[in-house]
Amino acid sequence: MAGLLKFVRSRTLPHVPGLPHHESEARQKLQKELFDFNKKTVLHGFPHKPSALAYDSELSLLAIGTKTGQVRIYGAPGVEFYGQHESNCAVVKLVFLPKQGRLISLLEDNSLHLWEWNLKDGKSALEVVKSYRLADTKKEELAKEEEKKEQEKKEAPVEEKEKKTEETKEGAKKEEEEKKDDEKEGEAKKEDGKDDEKKEEVKKEEVKKEEKKEEEEKQTEAAAEEKKDESITTVCLTSDAEMLLLGTESGDIYMLNVKTFVPSEQVISRDVITQNVVVELRSATGSVEAILEHPTDPDRFLVGYRRGLVSLINIKTLHSDHIFSFNQDLESIAWVRGGRKFVAAYADGSYIQWTVDESLKSLQTATTPYGPFPCKPMTKIDYKTSDGEDYLVFAGGMPRASYGDRYTVTVMQADVHVAFEFTSKFVDFLLVSESGTENGEDNPHTLIVLVEEELVLIDLASADWPTHRLPYLQSPHASAIMCTAHHSAVPDALWKNIVAAGEKQDSLHSQREWPIVGGKSLAESSERHDLLLTGHEDGVVRFWDASGVALKLLYKLNTSPFFVSEQEAHQEHDGEWPPFRKVGTFDPYSDDPRLGIQKISLCMASGSLAIGGTAGQVVVFEMGLEEKEKELHEIYVQIIDRDNFIWKGHEPLTPKDGLLNFPVGYQPLTVLQMTPPAACTAIALNSEWGLVAAGTAHGFTLFDYIQKKKVMARCTLDASPAESGSPKRKTFRKSLRESFRRLRKVRLRKAHTTESAPEEKKEKVDKEKVDKKKKEKKDDEVKAEEAEEKKEETEEKKEEAPKEDGKPEVTEKPAEEKPATTATVEGEEKEQETKEDEKKVEEIAPEIEKPEIAKAEEEDIVEVESGKPEEKPAEEARPKSPEKTEAKEDESMPSVVRCLCFARTFLVNATTHNATLWAGVSSGAVYIYTLTVPEGEKRREEEATAQLGKEIQLKHKAPVMAIQVIDGSNYPLPDTAAVSKGLAVEPSMEGNHKVVICSMEQFKVFHLPSLKPYCKYKLISHHGAMVRKIGFIKYTSCKTPLENGSWAKVAEKPSADGEMAEKEKEEKDSDTAKEGKAAEVVPVEETEEKAKEEKKEGEEEKEEEEENAVAAEVEEAAPKEEEAEEKKKAELPAASCRPSEDEEYNEWCLTCLSHLGELSIYSIPQLRKQILRPCIDKDDIQAVGSLTFTKEGEGFYLSSSSEFTRFTLSPRVITEATCVLELEEGMRPPPPQPEPTLVVAATDAIAKVTGDIEAATITAVNTAIDKVEEVVVGAIDKVEEVADAVVEKCVADDDDDKAADDTAGEITADITQDSITDHITQDDDKKGVEIDLKSDVKKIEDAAADMNALVVTAGGDQ
């Protein structure tokens, strides 16, 4: 067997994919034109975790900052700019510089960044030009303070020494006085007592001073720590856009010059602001909460502190004009137009309207809109005037006990009061007013509200304040996304019907134009319509326009009204207070998870739609142009036909009874309910045949939605979990255990055969009893080993059995052998390339009971008689077991149906093609059914039938992820309905069809209808990766055809003629292979085969026949495949594969996403790898699971729960935001110029230095010129001497009289250095002259260099 495997490997080595393959230069150039990976071209959806909002009313631009450091700018539809800070800190605040095309961002780390729109490659780009961080200036201040402390410490010891010296002098004087006054003892004693008291007092004073110093040092250290920890809490841009005021937690205000982005030395301290405040109110400060410039006086600012104090200060005089205080924490303030009033919102849910003209006595009573009970803080407030009644808008303030969990923004205008309710946390809001109002009023027309999961624009200029329909920034995750599907080149008729149905759903939206219209898009409008479908948890399917940069919602299909479910519509509040109105589309809560959409299939030719749900429901829709009323009928299909099966999952959905009203748009035709109601895992629709196929974790069914009948159903619970090769169930411990068991089994059986064979030959009669005993012992050992395995497996099952209710519990007996009507043919043996591959196969492949062939991987092709339809496939595939089976759905089960597809191809023979259904299962099985579908008028009368034609079982038993049939031109077969309606090119039906089967571990191509292997690529062996997503994509060259009208030679696309020749050669060589080819392989195993021929056991004889058959097939295929491969390399692509001169070159390739997040492209059908690029982080499970390929080379994946990232693999198809921001001249201020004083001082210094060195420069230059003249004159004399010598030589050698008559002066005039050198070098005797000439030339060069050096030094001094 080992020799046979070596032979197989040696003969098939040239065809093993993944080996080094040297591509031609033309092919490499073509690869660059076909494939090019761009990781991110555009972002669709809503930014993840928004944290800041800003609006430029002059340029009509909207800015959103996120918690991950991103900055997004949006204008007119298609105008988008993206920016990312180097640090991933959250964006706290965004401020536009009006009319300048600039933006300032404040991050959580106290850093400020200035962004600009600059032109690059003909389009505007957003980039950071300047940055500043408050902590840097604080460090400088702290460093200065530390220097002062060090100087004070140095001065302190000197002062102490002086004090000590003075004390010693005083002590000496006192001693002298005591000696003199010895006579007066009484008086001396009194004086001594007084002196002692004075000394003690002095010591006490010194101790007090030291304690004061220590306290001051502690206070300064605490203040320094506060400054280190303080952060920027708010910013305010002045009206002239020259200064930016920064409020901090310490209460101080810093000033930043916007032009230079350098902080000003002036700092507005909290103590300065509150110096005129009553002592009792000075403590009511805290951090700076808000800074607002006066509407009419740019020198006055309103500063609000956290603890309720508000001060109106003059920034020039630093004097506080007015003080406003309240006993609640301040949340927000806003000016009223004119600057005579302002409103302040507080933490208790109240607000106060203050009058600036009055002082503290103007305190008004606080108004609590939703009181009198305690309310939540009113986080932001704004006040706008209008021609009619004024607008008051605030966020929050809801009653804490009853509605404390509501996120609201309230708008009040006279008697109109609406509390807009949102389903996610509030971030910020803005009011957009009309610019240039003549009457001096604000007149707001749009309220922009940013919450964590969506953006909502409310039209305040229309009655009832409706919401705007968003052309972008819509939330695709309004309900959790469960599946996606993309369709390119949607027909115009279907597109118009979808758009018309969506417009009727938007009757409640505002009819005014979209207010954000800044910028200009340079992208050309696409004539092609692309559709992105998303299925959601709440039973809704959304249709998105994915043709350009902006992802726009076209239509929404809701399936929940068709069923009786636990989910009920939220009722509006009946006149209750507060007056809530729910706005926005984000609704993360689904009361009934059974409504979730798992799979979507759309037929673009007919417009039919099929969706599969979580509860096993399949709904087929058709496009209705008129509103209808009809009943909805449901058909139940039993997937598992067993009495002993118990389903422990959720109940199926029940359709509503009676007449139902269906609006214009997609209307249901029928509802198919699969039982048990497991989630739909695969779905396929063919509108031309009127069939839909759906699969679950237990099997699949084929349904005729025209006649509303079940065609067939197949249970896939044939393989037990122990036999499954699913990588999810495999563990390292289990794989090692299986490997050791397999080795022990082989050794036991080999020992058994070697002992029994010679004994049967020599002593057949005498030692029969001994042989029987030995056999019994060996059999007992094998049985004991198997019993131990079963015990261990049961123990493992108990350990791995899920304890939760949501996971499956499957217990069943092993299936019996298949009926005698089936014939098993062993397929191609898998090559053992390396020892690592063998280990991987042992870890992934299940136990194989064959003794030696179990070491190699095989594919078993089971051909089933197709004479009779399969009426009860579940019973035939598996008989009923007396034991009960309890199961729930689980994707890791081997019975999960992973993929379904329809195709018209050759399955029975190579001459007639049939309608077929292909089903791939997680156990590695592929079921192929032939379909009989009546045509024309008979379609509604006669029944469609299905019968099992063939079955493929992959021995590595990895889940089958995708199946695709390709025609003779190596193009994937299009939808039959699209071909019949002219929407797709008719495929080649002349034969040579192949099928590509993609499992989780490898790709393999089979010939049809023989199902002989063509080639394969083992992804898990080459890259250690497993397949997650598969796409068959058409890649078009990004360049025009060659000038000569020909195309580059492509080895990957074999010609149809070459395929036919290969097929004919296979038929001719088949007879010779049967006669002698097998014999050529047999001698490799002669000794083993002779020993086996002596054995009389039937199983061993079968194994010999299988090995010989494999060897014969390999011997047949090897030379033919080599010749075919050489022919493919030598020939150009066929006419069916190669486009004409007017067409563009394209290739269909298999594109794969692995679980490592890598994208790879493989040619069809050779499966040669073209590129391999990393795309997604392997730990981002959501992104890997949500990826969807398009047919043109693009892809979508969820980079977050709310946003799609779009990428491309084709340089021809790139969707990106190409836009420009047009600014008028003079909008941006000129760059800062140096101060005039510095310029004047520099000019004076330069003039003085110039006057001083002018004389020295002139003399230096004159001396240099004299020196050069001397050298040049000497060189000229030398040249003349040489010229005379040359002339004499020429006259002597030349016979021409004219040359002799020429004068030396004329010749000298035409002589150059090169000509002289040429003549001199002709004669060896004149080498000395040449050397002298070169030395003279060098002298001239040195003199010139000296002169230049003198001039340069003189200029440098100047």
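Computed from a predicted model, the values in this text were never measured in an experiment.

## Digging into the overall build of the protein
Move 1: In terms of regular secondary structure, the protein is built from 23 helices and 66 strands.
Move 2: Out of the 1358 residues in the protein, the part that is buried amounts to 47%.
Move 3: Expressed as a percentage of contacts within the protein between residues at least 6 apart in sequence, the contacts between residues at least 24 apart total 64%.
Move 4: Here the protein displays about 69900 Å² of accessible surface, and carbon together with sulfur accounts for 49% of that area.

## Quick word on the sheet that holds strand S59 (residues 1027–1036)
Move 1: Reading across from one edge, S59-S60-S61-S62 is the order of the four strands in this open sheet, with antiparallel pairing throughout. The open sheet has two edge strands, S59 and strand S62 (1169–1174), and neither has a second partner. When the angles between neighbouring strand axes are averaged without regard to direction, this sheet yields 20°.

## Focus: the pairing of strand S51 (residues 897–905)
Move 1: Counting buried residues along S51, seven of its nine residues qualify, which places the element largely inside the surrounding structure.
Move 2: Here S51 pairs with strand S52 (residues 914–921) via eight bridges, running antiparallel. Looking at the pairing, Phe902 lines up with Leu917 of S52.

## With respect to the side chain of Thr234
Move 1: Mapped onto the elements, Thr234 comes out in strand S10 (residues 232–237).
Move 2: Classification of Thr234 by relative accessible area gives buried; the value is 12%.
Move 3: Discounting residues that sit within four places of it in the chain, Thr234 has contacts with Leu245, Leu246, Gly247, Val288, Glu289, Ala290 and Ile291.

## Considerations on the packing of aromatic side chains
Move 1: Throughout the structure, instances matching the rule amount to 28 aromatic pairs.
Move 2: Arranged with centres 5.1 Å apart and planes meeting at 65°, the rings of Tyr403 and Phe580 form a pair that is edge-to-face. On the criterion of sequence distance, the pair formed by Tyr403 in helix H7 (residues 400–403) and Phe580 in strand S34 (residues 580–582) is long-range, its members being 177 residues apart.
Move 3: With relative accessibility at 10%, the residue Phe580 sits in the buried group.
Move 4: Seen in terms of ring centroids, Tyr1017 and Tyr1162 are 4.8 Å apart; in terms of plane orientation they differ by 50°. Their pairing is tilted. Pair noted here: Tyr1017 is in strand S58 (residues 1013–1018) and Tyr1162 is in strand S61 (residues 1158–1163), with a separation of 145 residues, a long-range link.
Move 5: Accessibility expressed as a relative area gives 1% for Tyr1017, which makes it buried.
Move 6: Relative accessible area serves as the criterion here: at 0%, Tyr1162 is assigned to the buried category.
Move 7: Among the aromatic residues, those joined into a ring-pair cluster are Phe324, Trp335, Phe342 and Trp354.

## Observations regarding the nonpolar core
Note on soluble globular proteins: their nonpolar side chains tend to be buried together.
Move 1: Within the largest apolar cluster, 32 residues are counted, with the highest numbers of intra-cluster contacts made by Leu531, Leu533, Phe543, Leu609 and Tyr666.
Move 2: Per-element tally for this core: the top contributor is helix H8 (residues 492–505), with four residues.
Move 3: Each residue touching Tyr666, except ones within four places of it in the same chain, is listed here: Leu494, Phe543, Tyr555, Leu557, Leu602, Gly607, Leu609, Phe621, Glu622 and Met623.

## Comments concerning the pattern of salt bridges
Move 1: Applying the stated rule across the entire model yields 20 salt bridges.
Move 2: With its nearest N and O atoms 2.7 Å apart, the salt bridge here joins Glu1147 to Arg27. Of the two residues, Glu1147 is situated in strand S60 (residues 1146–1154) and Arg27 in helix H2 (residues 25–34); the sequence distance between them amounts to 1120 residues. Assigned by exposure class, Glu1147 and Arg27 land together as buried.
Move 3: The salt bridge partner of Arg939 is Asp704, with a shortest N-O separation of 2.8 Å. Separated by 235 residues along the polypeptide, Arg939 in the loop between strand S53 (925–932) and strand S54 (945–954) and Asp704 in strand S46 (residues 699–704) bring together distant segments of the chain.

## Some words on the environment of Gly982
Move 1: Along the chain, Gly982 turns up in the loop between helix H13 (976–980) and strand S56 (994–999).
Move 2: Gly982 sits in the exposed class, given a relative accessible area of 59%.
Move 3: Spatially, the C-alpha atoms of Gly982 and Ala605 are 8.9 Å apart, while their sequence positions differ by 377 residues.

## As for the sheet that holds strand S32 (residues 552–558)
Move 1: What the four strands build is an open sheet, ordered S28-S30-S31-S32; its pairing is antiparallel. Only two strands of the sheet have a single neighbouring strand rather than two, namely strand S28 (481–487) and S32. If you compare each strand with its neighbour and ignore which way they point, the axes differ by 20° on average.
Move 2: Here five bridges tie strand S30 (residues 531–536) to strand S31 (residues 540–545), and the two strands are oriented antiparallel to one another. Counted as the bridge partner of Thr534 is Arg542 from S31.
Move 3: The strands touched by H8 within the sheet are S30, S31 and S32, with S32 carrying the most contacts at an inclination of about 80°.

## Digging into the side chain of Thr681
Move 1: By the element assignment, Thr681 lies in the loop between strand S43 (665–675) and strand S44 (682–686).
Move 2: Within the local environment of Thr681, its side chain forms a polar contact with the backbone oxygen of Val897, the two atoms lying 2.6 Å apart.
Move 3: For Thr681, the contacting residues outside a window of four places in its chain are Lys599, Gly695, Thr696, Ala697, Val896, Val897 and Arg898.

## Regarding the confidence of the model for the protein
Move 1: Considering every residue of the protein, the mean pLDDT works out to 75; 61% of them sit at 70 or more.
Move 2: Across residues 862–889, confidence stays below pLDDT 50; counting only partners more than four residues off in sequence or on other chains, it has 85 contacts.
Move 3: The model gives residues 1323–1331 a pLDDT under 50, and that stretch makes eight contacts with residues more than four places away or in other chains.

## What about H2?
Move 1: Among the residues making up H2, those that are buried are Arg27, Leu30, Gln31, Glu33 and Leu34. Along the long axis of H2, the arc covered by the buried residues comes to 160°, so they all point the same way. Facing away from the buried surface of H2 by more than 90 degrees, the exposed residues are Glu25 and Lys32.
Move 2: On its buried side, H2 packs onto S59, S60 and S62.

## Description of a positive patch on the surface
Move 1: A cluster of basic side chains, namely Lys49, Lys67, Lys376, Arg400 and Lys425, defines a positive patch on the protein surface.
Move 2: Take Arg400: it is sitting in helix H7.
Move 3: For Arg400, a relative accessible area of 44% puts it in the partly exposed group.

## Let's talk about unusual backbone geometry
Move 1: Of note, the bond from Thr675 into Pro676 is cis; its omega dihedral lies within 30 degrees of zero at 0°.
Move 2: Going from Leu1008 to Pro1009, the amide bond is cis rather than trans, its omega being 10°.

## Structural notes on the environment of Ala925
Move 1: Looking at the secondary structure, you find Ala925 in strand S53.
Move 2: Here the alpha-carbon distance between Ala925 and Glu951, two residues 26 residues apart in the chain, equals 7.1 Å.
Move 3: Look past the residues within four positions of Ala925 in its chain and what remains in contact with it is Ala919, Gly920, Ile952, Gln953 and Val960.

## Details of the environment of Gly519
Move 1: Here Gly519 shows up in the loop between H8 and strand S29 (520–521).
Move 2: Classification of Gly519 as partly exposed rests on a relative accessible area of 30%.
Move 3: Sequence separation between Gly519 and Val1220 is 701 residues; the distance between their C-alpha atoms is 5.9 Å.
Move 4: Those residues within four positions of Gly519 in sequence are excluded, and the remaining contacts are Leu59, Leu61, Val79, Val1220 and Leu1221.

## Regarding H8
Move 1: With 14 residues, H8 should cover 20 Å at 1.5 Å per step; its first-to-last C-alpha distance of 20 Å lies within 8% of that length.
Move 2: Those residues of H8 not exposed but buried are Leu494, Trp495, Ile498, Ala501 and Gly502. Down the axis of H8, the sector holding all buried residues measures 135°, keeping them to one side. Away from the buried face of H8 by more than 90 degrees, exposed residues Ala493, Lys496, Glu503 and Lys504 are located.
Move 3: Buried positions along H8 lie against S30, S31, S32, strand S37 (617–624) and S43.

Criteria and thresholds
- Note on numbering: residues in each chain are counted from 1, in written sequence order.
- Only residues with pLDDT of 70 or above have their local features reported here, since the model is predicted, and side-chain atom pairs are shown and tallied only from 80 upward, although totals for entire chains, interfaces and linings are computed over all residues.
- Hydrogens and water molecules were not included; the side-chain quantities draw on all heavy atoms of the structure.
- Each helix corresponds to a stretch of at least 4 residues labelled H or I by DSSP, and each strand to a stretch of at least 2 residues labelled E; elements are numbered beginning at the N terminus.
- Buried means the residue's accessible area, taken with a 1.4 Å probe over protein chains only, is under 20% of the maximum for its type, while exposed means over 50%, and partly exposed covers the values in between.
- Note on contacts: a residue pair is in contact if any heavy atoms of the two residues lie within 4.5 Å.
- With residues, only the protein chains shown are counted as cover, and all accessible areas are computed by Shrake-Rupley using a 1.4 Å probe.
- Paired strands, as defined in this entry, are two strands with at least two bridges between them according to DSSP.
- Every angle, taken between N-to-C directions, lies between 0 and 180 degrees, and every axis is a line fitted to C-alpha atoms, over only the stretch in contact when it is a helix.
- Side-chain rings of Phe, Tyr and Trp, where Trp is taken by its six-membered ring, are said to pair if the distance between their centres is within 6.5 Å; with planes under 30 degrees apart they count as stacked, over 60 as edge-to-face, and otherwise as tilted.
- What makes a nonpolar core is a set of buried Ala, Val, Leu, Ile, Met, Phe, Trp, Tyr and Cys residues whose side-chain atoms join them at distances within 4.5 Å.
- The salt bridge definition used is simple: a Lys or Arg side-chain nitrogen within 4 Å of an Asp or Glu carboxyl oxygen.
- Here a polar contact is recorded for every N or O atom pair within 3.5 Å, except that within protein the pair must consist of a potential hydrogen donor and a potential acceptor, and residues adjacent in sequence are included only if both atoms are side-chain atoms.
- Note on scores: pLDDT gives the predictor's confidence for each residue, bounded by 0 and 100.
- Working definition: the arc comes from the directions between the helix axis and the C-beta atoms, pointing outward to the latter.
- Two distance rules govern patches: like charges are joined within 9 Å, and nonpolar side chains (Val, Leu, Ile, Met, Phe, Trp, Tyr) within 5 Å, applied only to residues with over 30% relative accessible area and no salt bridge.
- Think of it this way: Lys and Arg go in the positive column, Asp and Glu in the negative one, and His and the chain ends go nowhere.
- By convention, the charge on Lys lies at NZ, on Arg at CZ, on Asp at CG and on Glu at CD.
- To estimate the expected span of a helix, subtract one from its residue number and multiply by 1.5 Å.

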